[in-house]
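Understanding the architecture of this molecule
Here's the letter readout for the chains.
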Amino acid sequence: MMAMTATDLAEKLFSALQNNDLEHARECCAEHFRGSQNGGPTMDRDTLLKFTAAVNATVPDFGYEDTVRSATATGFVEEHRVRGTLPNGKQLDLMVCVVGEVREEKITALREYVDTQAAVGLLEALGSR
């Protein structure tokens, strides 16, 4: 079987996150996975999965669009738009850049950079859950 590239792994992860397929998302990430958003507190794999479930419950039509993904020496970088409808009926349209680190065909780290002003509606909706 051919080894999975870092960009293949990124595609698999973001597809699983978009489809709220938490088991496949878990399989993409190393046990010692660490993630952060805008340099904030570090989250582990279970926290990422809980956050994903909360986003999918809050924004049922959550999805990624306009994806640009490239391999790097240590993993991948991906830009995408996060789109969906918030509970108040407003549209979520959020540009995101994610830097991923990969070792032994598992994602060990994700550093996500988000336009915080565009994310306010989502954060408010998540806070009201």
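Here, every reference points to the structure presented above.
Summarised in this report is the structure supplied together with it. (Residues numbered from 1 in each chain as written. Predicted model: local features only at pLDDT ≥ 70, side-chain atom pairs only at ≥ 80, totals over all residues. Heavy atoms only, no water.)

The sheet built from five strands is open, its strands ordered β1-β5-β4-β3-β2 with mixed pairing. The outermost strands of the open sheet, each flanked by one partner alone, are β1 (29–37) and β2 (63–71). Strand-to-strand twist across the sheet, computed as the mean angle between neighbouring axes with direction ignored, equals 20°. Of the pairings in the sheet, the one linking strand β3 (residues 75–85) to strand β4 (residues 91–103) comprises 11 bridges and is antiparallel in character. (Pairing = 2+ DSSP bridges. Helix = DSSP H or I, 4+ residues; strand = E, 2+ residues; numbered from the N terminus. Axes fitted to C-alpha atoms, helices over the stretch in contact; angles between N-to-C directions.)

Within this structure, the stated rule accounts for two aromatic pairs. Note on Phe 14 and Tyr 64: the rings are 5.4 Å apart at their centroids and 80° apart in plane angle, and the pair reads as edge-to-face. Of this pair, Phe 14 sits in helix α1 (residues 6–18) while Tyr 64 sits in strand β2, and the two are 50 residues apart along the sequence. Taken individually, Phe 14 and Tyr 64 each receive the classification buried, so the pair is uniform in this respect. Look at Phe 62 and Tyr 64: their rings are 5.1 Å apart centre to centre, the planes differ by 75°, and that puts the pair in the edge-to-face class. Relative accessible area serves as the criterion here: at 18%, Tyr 64 is assigned to the buried category. Each residue in the set Phe 14, Phe 62 and Tyr 64 is aromatic and connected to the rest through ring pairs, giving one cluster. (Phe/Tyr/Trp six-rings, centres within 6.5 Å; stacked < 30°, edge-to-face > 60°. Buried < 20%, exposed > 50% of the residue type's maximum accessible area, 1.4 Å probe, protein only.)

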